[in-house]
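# Report on the structure
Okay, here's what each chain looks like letter by letter:
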Amino acid sequence: MRAGHPDPPGYSRRVTPDSPAFSEPTPTEAIRVIGRFEAGRGIPDAMRSDVRMLGQLLGQVLREAGGDDLFEDVERLRLATIQAYEDHSSDAFDRAAAIADSFTIARADEVARAFTCYFHLVNLAEEHQRVRVLRERAGQAPSTGSGAQATDTVAGAYARLREEVGDDEARRRLDGLRFHPVFTAHPTEARRRAVSSSIRRLSELLTQHDAASAGGSEEHRARRRMLEEIDTLWRTAPLRAQKPSPTDEVRTVMGVFDETLFTTVPHVYRRIDDALRGEESGASAPVVPAFVRIGSWVGGDRDGNPFVTAAVTREASQIASDHVLRGLERALDRIGRTLTLAADDTPPSAEVTALWERFAATEPTAADELAARSPDEPHRRVVLVMARRVAATRRGDDEGYTGPDELLAELRAVQSSLVAAGARRHAFGGVQHLIWQVETYGFHLTELEVRQHSQVHAKALAELEAGGPISTQTEEVLEVFRAIADIQRDRGLRAAGRYVVSFTQAASDLANVYELARHALGDDAPVLDVVPLFETFADLQAAPGILAEAVTFPEFRERMAATGNRLEVMLGYSDSSKDVGPVAANLALYTAQEKIARWAQESGIELTLFHGRGGALGRGGGPANSAILAQPPHSVDGRFKLTEQGEVIFARYGEPAIAMRHIDQVAAATLLASSPTVEERTSRAATRYADVAATMDAASRERFFALVKAEGFAPWFATVTPMEEIGLLALGSRPARRGLSVESLEDLRAIPWVFAWTQARINLAGWFGLGTALEAVGDEELLTEAYREWPLLRTMVDNVAMSLSKTDERIARQYLALGDRDDLAALVLDELALTRRWVIRLTGGEGLLENKPVLQRAVQLRSPYVDALSLLQLRALRALRSAPEQPEGSGADAEQQRLLLLSVSGVAAGLQNTG
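Okay, the overall build of the protein chain next. From N to C terminus, the protein chain includes 39 helices and eight strands. Summed over all atoms, the accessible surface of the protein chain reaches about 35,300 Å², with 49% contributed by carbon and sulfur.

Here you go:
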């Protein structure tokens, strides 16, 4: 839409604050409206108190920073959007839009920042409430009876397994349990690291406030410091000045390890062992294995990111290693200092004595110093020696360890010595925690994975076989293999070795990796586990045949023989959804997993499926535990690996109590998914509803193609969403699209495709086509039965319900009106209405999420405030779309762009799972 054009179809002409239709409520009416809104959400009293207190503190900061006028403008828009949300009338909506349009550009900027700060505080209060509930549950006595125990914990799932398969088989499956999240640096975390740090400090202060006596000095101190921190949050620039480098992204992810994961994961193991064994836990060898492994693509994923080089990969591994070695050094020093066990009562074994004597012979001065500090405390001395040797390892000194296995052997020697001396509580207490940490993290912390596109490999190999000079890109491809070899030499095979091939479309795409490694290093090529990534609808269908051919290659046979016939296969959720729509993609992914799992089982292969899921529902997001339990038989078998991206990393792993609960839930589902009852239920439902699935697949794809294959769809999409502007946000190092312009969906990466629809409050990538699919089946009784009995459909419908709950049709209409295609806008809105009707029919009640009241509360609490930011975003988009062409970054255009980007950041904070 350009200047001078008439209002687009669907555009509602606004009332203004000066028009007769507009009237300000009195302060008493405003308080009553806001209070009624908050009370009607069913918010727990403690959380309501936190939200109110944090909101009041933000209000005080706004008054102090911008005066009463700023505070009153924020409150006017807040009240208007609440009234519009509850009233559903066009007048109320127009009134809110009129207020948003009435602000000067400078004031709109401040109001957008204020609402974004509010979202950060509400998210904090909600997280704090979750932690509060988890701690209350943890304080309750655990149930040891297998029959009544909930199955959403590892202890409960294990009890169920014992009932179904017996003690020995249940123990075997527990021993083989593996949960393997892989952190990625995809650009979906819209908030800055400085903002995240401020929120974390606020969380600590909120905990202190909870613990303080009402009205006491500690409560006053906590409130004063929260006010200071909220002022910091307000004054911190919400937008990054420049895109982070890949190394910046590595350091950001390291914050999660330093603050939570390094210490939290052993506590997960201990909590499960406590639940399984009661008082015996900590007094004898645990039954819980170190079942967590952490992977990372940060610094290793170069598909479409030219800034991730071999040098970056080396540095990423070095940074991670430095973090884990520092963590182990501190942990060894802390545990060592507690082992003040005299030799008279706790004599050392001959092996522990030998460890000390070897150290004393090589470093007599340091040994004399330690002996003087720890006289007659041999176990303490030896563990403190380990701390020194880990520090030497980090520095690269000769007296360091050759690898984590050497440290593990020494820790187990200390553990055995303590057991023999009768100090079992120490052996299986603090020392066991150290063993778990080394087993989980080694000296590498994260298992760094490389990813590259199959076409890049093919081009490089063609150059090399031609025999002429090679390009810079091909030289870089070869250098990556040298980097992997260096990392393996320095930190072991687990530190690096998985090589993911994007867009695997033939078995030769996998063989090419081994061929390139030989070109790089000859017989000294690194040990590689080449992982195919099947992404498009066609590739998913072809996957079983490609795998059957790949495992005949000598390199695959050799590697599988060395690993116990293990094979890893990655499935892409993002591109398949963008390719055929979310419904057909989900069905295709299930079918692909079913066929691959059946082939692997028949071939005697231990299969691990690697799920390339994003945070948003359009990219495979949603609750992981319910998704696991909906997988085909033998596709899990006690092993679950997935990508964790963007804001999801911090939401799931940034707070210790929440991280512990998440790991426990996902591990429980992973263990339970292979139980006879779950596999039988899933298999029976897939057979029973095969015709329903076929009908839904065909109908949803036809509907999706009618939209995305329509002539001019891609530029229309770029017009009716802030897709182009999202590319201006300094979110991540990876480019948002594959070319310079968007002429087709193939030009666009899956992440901005989802992110843009989310910002437009349409969320199309998460639901489009489901309504038509269900309508094509038509039999409501059959579909209700299927929703109840078919885990795949239930998970799909529940995820769509969540996605739809974050849409807003009135705001969606305004975005769609930015384009000039009434036919496409009508297609989207008709499908939205149809999908909403069918989802409510199947889930029950009068509205969305009535069967999930906690989630419904969270969405409803945020919605009117997200609406406020959407109205500010629409104002900026209209100005940018209607302005005459100007040089980039000039004058008013730059101001409108800044407002739009501020609103994008705020909406991302409000909706949470954006990409």
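Taken in spatial order, the eight strands close into a barrel running E1-E2-E3-E4-E5-E6-E7-E8, and their pairing is parallel. Note that strand E3 (residues 447-453) and strand E4 (residues 496-502) share five bridges and pair parallel. Pairing of Gln-452 across the sheet is with Val-501, part of E4.

The next point concerns the nonpolar core. Judged by nonpolar contacts, the single largest core of 143 residues is most densely connected at Leu-261 and Phe-291. If you tally residues by element for this core, the top one is helix H9 (residues 246-277), at 11 residues. Discounting chain neighbours no more than four positions away, the residues touching Leu-261 are Phe-183, Val-256, Pro-266, Ile-294, Tyr-441, Tyr-653 and Ile-663. Core analysis: the second largest hydrophobic core is formed by 128 residues, Ile-82, Ala-100, Ala-108 and Ala-685 among them.

Put simply, helix H13 (residues 378-395) and helix H14 (residues 404-420) touch, their axes get as near as 11 Å, and they point 170° apart. As the angle between them shows, H13 and H14 are arranged roughly antiparallel. Contacts between H13 and H14 involve His-379, Val-382, Val-383, Met-386, Arg-389 and Val-390 on the former and, on the latter, Glu-406, Leu-407, Glu-410, Leu-411, Val-414, Ser-417 and Leu-418. Class assignment of the residues belonging to the contact of H13 with H14 gives a composition of eight nonpolar, two polar and three charged.

Below, the discussion takes up unusual backbone geometry. Non-glycine residue Asp-376 carries a positive phi angle of around 60°. Unusually for a residue other than glycine, Asn-565 sits at a positive phi of about 65°. Here Asn-565 is to be found in the loop between helix H21 (554-562) and strand E6 (566-572). Note on Asn-565: relative accessible area 28%, which makes it partly exposed.

With that out of the way, let us pick up the confidence of the model for the protein chain. Taken over all residues, the pLDDT of the protein chain has a mean of 89, while the share at 70 or more is 89%. Confidence drops under pLDDT 50 across residues 1-15; counting only partners more than four residues distant or on other chains, this segment forms 36 contacts. A low-confidence stretch, residues 736-741 stays under pLDDT 50, and its non-local contacts, those more than four residues away or across chains, total 16 contacts.

As a further point, take the side chain of Ser-700. Mapped onto the elements of the fold, Ser-700 is located in helix H28 (residues 690-708). Ser-700 has contacts with Val-583, Ala-584, Gly-769 and Ala-773, leaving out every residue within four places of it along the chain.

Moving on: the packing of aromatic side chains. A full pass over the atoms with the stated rule returns 25 aromatic pairs. Here Phe-704 and Phe-705 contribute two aromatic rings whose centre-to-centre distance is 6.4 Å and whose plane-to-plane angle is 55°, an arrangement assigned as tilted. We classify Phe-704 as buried; its relative accessible area is 1%. Under the relative-accessibility criterion, Phe-705 is labelled partly exposed at 25%. Taking the centre distance of 5.1 Å and the plane angle of 40° together, the rings of Phe-717 and Trp-757 count as tilted. A residue pair is termed long-range when its members are at least 10 positions apart, and Phe-717 in helix H29 (residues 713-720) and Trp-757 in helix H31 (residues 750-759) qualify at 40 residues.

Looking now at helix H35 (residues 791-805). Taking 1.5 Å of rise per residue, the 15 residues of H35 would be expected to cover 21 Å, and the 21 Å separating its terminal C-alpha atoms lies within 8% of that figure. The element H35 is extensively covered by neighbouring structure, given that 14 of its 15 residues are classed as buried.

For the pair helix H4 (residues 105-138) and helix H8 (residues 217-235), interaxial distance at closest approach is 10 Å and the crossing angle is 135°. With respect to H8, the element H4 is oriented oblique. Handedness of the H4/H8 crossing: right-handed. Contacts between H4 and H8 pair Glu-110, Arg-113, Ala-114, Cys-117, His-120 and Leu-121 from the former with Ile-230, Leu-233, Trp-234 and Arg-235 from the latter.

Within the structure shown, the criterion is met by 61 salt bridges. In this structure, Glu-447 engages Arg-498 in a salt bridge whose closest nitrogen and oxygen atoms are separated by 2.7 Å. Taken together, the positions of Glu-447 in strand E3 and Arg-498 in strand E4 put the pair 51 residues apart, joining distant regions of the chain.

Moving on to the side chain of Ser-417. Mapped onto the elements, Ser-417 comes out in helix H14. If sequence neighbours within four positions are ignored, Ser-417 has contacts with Pro-347, Pro-348, Ser-349, Val-352 and His-379.

As a further point, take the pairing of strand E1 (residues 178-184). Taken across its seven residues, E1 has six buried, putting it largely inside the fold. Across two bridges, E1 lies against strand E2 (residues 295-296) in parallel orientation. Looking at the pairing, Phe-183 lines up with Ser-296 of E2.

So, about the environment of Ile-762. With respect to the helices and strands, Ile-762 occurs in the loop between H31 and helix H32 (764-767). Linking Ile-762 and Tyr-815, residues 53 residues apart in sequence, is a C-alpha distance of 8.9 Å. Not counting residues within four places of it along the chain, the set of residues in contact with Ile-762 comprises Trp-757, Trp-767, Thr-807, Ala-812, Leu-816 and Val-828.

This part takes up the environment of Ser-49. Structurally, Ser-49 is set in helix H2 (residues 45-87). Taking C-alpha positions, Ser-49 is 9.2 Å from Ala-125, a pair spaced 76 residues apart along the chain.

Moving on to the environment of Ala-354. In this structure, Ala-354 sits in helix H11 (residues 350-362). Note on Ala-354: relative accessible area 24%, which makes it partly exposed. For the pair Ala-354 and Val-382, spaced 28 residues apart in sequence, the C-alpha to C-alpha distance is 9.9 Å.

Cut-off values and rules
- Residues numbered from 1 in each chain as written.
- Predicted model: local features only at pLDDT ≥ 70, side-chain atom pairs only at ≥ 80, totals over all residues.
- Heavy atoms only, no water.
- Helix = DSSP H or I, 4+ residues; strand = E, 2+ residues; numbered from the N terminus.
- Areas by Shrake-Rupley, 256 points an atom, 1.4 Å probe, with all protein chains shown as cover.
- Pairing = 2+ DSSP bridges.
- Core = buried A, V, L, I, M, F, W, Y, C linked by side-chain atoms within 4.5 Å.
- Buried < 20%, exposed > 50% of the residue type's maximum accessible area, 1.4 Å probe, protein only.
- Contact = heavy atoms within 4.5 Å.
- Axes fitted to C-alpha atoms, helices over the stretch in contact; angles between N-to-C directions.
- Parallel < 35°, antiparallel > 145°, perpendicular 65-115°, else oblique.
- Nonpolar A, V, L, I, M, F, W, Y, C, P; charged D, E, K, R; others polar.
- pLDDT = per-residue confidence, 0-100.
- Phe/Tyr/Trp six-rings, centres within 6.5 Å; stacked < 30°, edge-to-face > 60°.
- Expected span 1.5 Å × (residues − 1).
- Left-handed = near helix turned anticlockwise from the far one by under 90°.
- Salt bridge = Lys/Arg side-chain N within 4 Å of Asp/Glu carboxyl O.

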